[in-house]
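Here are the chains, one letter per residue:
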Amino acid sequence: MRARLFPHPLLTVLLAIVWCLLVNEVKLGTVVFGILLGLLIPIVTAAYWPDRPPVGRPIKLLSYLVLVIWDILVANVVVAMIVLFKSNKNMRPQWVVIPLDLRTPEAITMLAGTITLTPGTVSADLSDDGRALLVHALDAEDPDAVRDDIKQRYERRLKEIFE
Amino acid sequence: MITEAIIAALLVIGAFFTLVGSIGLIKLDNCMSRLHGPTKASTLGVGALLLASVVYSFNTADGSVHEILVMAFLFVTAPISGNFIAKVNMHSLRGKQALPPPPDDHVWGTYSEK
């Protein structure tokens with residue numbers, strides 16, 4: 001019963017917040033209408049995501065987002081220095097293969113997005129069985145270190161959140 | 001006064017990183033490396049500019065938070081376009097440069113014949 005009325009509680013909250021941001025004011029009327037939309041839209045669209053993974057720990061998801069934003073800030077400065085002060089000859093662009101422990105498509109999508117957003121690495125492709133990710137690193141001495149860093153820092157946390 | 005200084009600082013930071021992104025696009029010498037420039041400009045560069053806009057609107061008028069939505073949607077969509085450019089690059093590299101293969105006799109999705 002509860003699952004049918006609230007098929008996607010996180011989406012409900014997200015839609016309500018997005019609605020308030022769109023209207024650009026926080027009044028009782030907008031919040032109520034936002035919550036109404038947040039209740040109706042998940043019920044109407046429930047048929048389109050049958051095998052959605054449950055987000056076990058929304059709090060962890062939030063702390064993950066904070067970590068990613070912090071990493072974006074730090075890595076941006078590092079890569080800006082590389083671009084400005086390192087000559088092309090000394091740069092070591094590398095392809096890095098990351099074997100995945102994640103199995104849910106949503107989690108892999110988030111990992112690939114994180115890798116692209118944090119500067120210095122761009123995710124390029126997934127293997128045909130979905131068990132390895134191809135990443136391009138702008139300047140890496142050691143591809144194994146890049147791989148271990150991504151697995152330790154991001155994949156482990158995503159695994160805790162989604163699986 | 002202080003808020004104006006903050007706005008100015010954010011604008012300069014945003015402009016700086018957007019500039020570095022553009023310099024990277026011109027300076028770097030292979031297609032995959034060039035992709036790193038714009039992805040950087042779209043994160044911190046645009047992020048700082050939008051933040052400046054939020055602070056300015058709260059300082060002068062009722063305040064606006066549309067920019068936070070712009071940032072959120074940008075962060076969700078930027079990796080997708082980056083990924084598509086990377087895939088095009090992989091097709092143009094096909095047969096010229098060997099990429100490291102995925103483990104266990106599989107091939108990369110872009111090269112898959114299935």
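Residues numbered from 1 in each chain as written. Chains lettered and ligands numbered in written order. Predicted model: local features only at pLDDT ≥ 70, side-chain atom pairs only at ≥ 80, totals over all residues.

Asks: What is the right way to look at the overall build of chain A in this model?
Replies: From N to C terminus, chain A includes six helices and three strands. In chain A, the succession of helices and strands from N to C terminus is α-α-α-α-β-α-β-β-α. The globule rule puts the C-alpha radius of gyration for 163 residues at 15 Å, and the 20 Å found for chain A is more than 25% above it. Seen through its principal axes, chain A has C-alpha atoms that stretch 60 × 40 × 20 Å. Looking at chain A as a whole, 30% of its 163 residues qualify as buried. (Helix = DSSP H or I, 4+ residues; strand = E, 2+ residues; numbered from the N terminus. Rg over C-alpha atoms; globule rule 2.2 N^0.38 Å. Buried ≥ 20, exposed ≤ 12 C-beta atoms within 10 Å, placed from the backbone.)

Asks: Can you walk me through the packing of helix H4 (residues 58–85) of chain A against helix H1 (residues 2–27) of chain B in this structure?
Replies: Geometrically, a packed helix pair is captured by the angle between its two axes and the distance between the axes. Where H4(A) contacts H1(B), the axes come no closer than 10 Å and their chain directions differ by 45°. Looking at the two axes, H4(A) sits oblique to H1(B). The two elements H4(A) and H1(B) meet at a crossing, and its hand is left-handed. Note on element contacts: H1(B) touches H4(A) through B:Phe17, B:Val20, B:Ile23, B:Gly24 and B:Lys27, opposite A:Asn76, A:Ala80, A:Val83 and A:Leu84. Among the residues making up the contact of H4(A) with H1(B), the classes are represented as six nonpolar, two polar and one charged. (Axes fitted to C-alpha atoms, helices over the stretch in contact; angles between N-to-C directions. Parallel < 35°, antiparallel > 145°, perpendicular 65-115°, else oblique. Left-handed = near helix turned anticlockwise from the far one by under 90°. Contact = placed C-beta atoms within 7 Å. Nonpolar A, V, L, I, M, F, W, Y, C, P; charged D, E, K, R; others polar.)

Asks: Teacher, can you tell me more about helix H2 (residues 9–23) of chain A here?
Replies: With 15 residues, H2(A) extends 22 Å between its outermost C-alpha atoms, agreeing within 8% with the 21 Å of an ideal straight helix rising 1.5 Å per residue. Looking at the buried positions of H2(A), the neighbouring elements they touch are helix H3 (28–45) of chain A together with helix H4 (66–93) of chain B. Downstream of H2(A) by a residue or two, A:Asn24 has a phi angle that is positive, lying close to 70°. (Expected span 1.5 Å × (residues − 1).)

Asks: Just checking my understanding: could you explain the sheet that holds strand S1 (residues 94–99) of chain A for this structure?
Replies: Two strands in a sheet stick together by hydrogen bonds in their backbones, pointing the same way (parallel) or opposite ways (antiparallel). Strand order across the open sheet formed by three strands is S1-S3-S2 (chain A), with antiparallel pairing between neighbours. Each edge of the open sheet is held by one strand with a lone partner, namely S1 and strand S2 (121–126) of chain A. For this sheet, the mean inter-axis angle between neighbouring strands, taken without regard to orientation, is 30°. Across the sheet, helix H6 (residues 143–162) of chain A lies against S1, S2 and strand S3 (132–137) of chain A, angled at about 40° from S1(A), the strand it touches most. In this fold H4(B) packs onto S2 and S3 of chain A, with an angle of close to 65° to the strand it touches most, S2(A). (Pairing = 2+ DSSP bridges.)

Asks: Honestly, the pairing of S3(A) in this entry has me stumped. Any pointers?
Replies: Strand residues, when the strand is regular, have side chains that alternate between the two faces of the sheet. Residues and elements named next belong to chain A. Counting buried positions along S3 yields six of six residues, so the element is predominantly enclosed. Both faces of S3 are covered, namely the face carrying Ala132, Leu134 and His136 and the face carrying Leu133, Val135 and Ala137. Both S1 and S3 contribute to a ladder of six bridges, which runs antiparallel. Note on S3: the bridge partner recorded for Val97 is Leu134.

Asks: Please clarify how the environment of A:Asp144 should be interpreted in this entry.
Replies: In this structure, A:Asp144 sits in helix H6. For the pair A:Asp144 and A:Ile98, spaced 46 residues apart in the sequence, the C-alpha separation amounts to 9.1 Å.

Asks: How should the environment of B:Met1 be read in this particular structure?
Replies: Mapped onto the elements of the fold, B:Met1 is located in the segment before H1. A C-alpha to C-alpha distance of 45 Å links B:Met1 and B:Ala86, two positions 85 residues apart in sequence.

Asks: How do you make sense of the confidence of the model for chain B when you look at a structure like this?
Replies: Any residue range with low pLDDT should be treated as having predicted coordinates unsuitable for detailed reading. Residues and elements named next belong to chain B. Looking at chain B as a whole, the pLDDT averages 83, with 97% of positions reaching at least 70. Averaged pLDDT values over the elements of chain B bottom out at 80 in helix H2 (residues 31–34) and peak at 89 in H1. Interface confidence in the predicted complex, given as ipTM, is 0.79; pTM for the same model is 0.81. (pLDDT = per-residue confidence, 0-100.)

Asks: What am I meant to see in the packing of H2(A) against H3(A) here?
Replies: Residues and elements named next belong to chain A. Direction vectors running N to C along H2 and H3 enclose 140°, while the axes themselves pass 8 Å from each other. Looking at the two axes, H2 sits oblique to H3. Considering how the two elements wind past one another, H2 and H3 form a crossing that is right-handed. Contact with H2, carried on its side by Leu11, Thr12, Val13, Leu15, Ala16, Trp19, Cys20 and Val23, involves Thr30, Val31, Phe33, Gly34, Ile35, Leu37, Gly38, Leu39, Ile41 and Pro42 of H3 and no other residues of that element.

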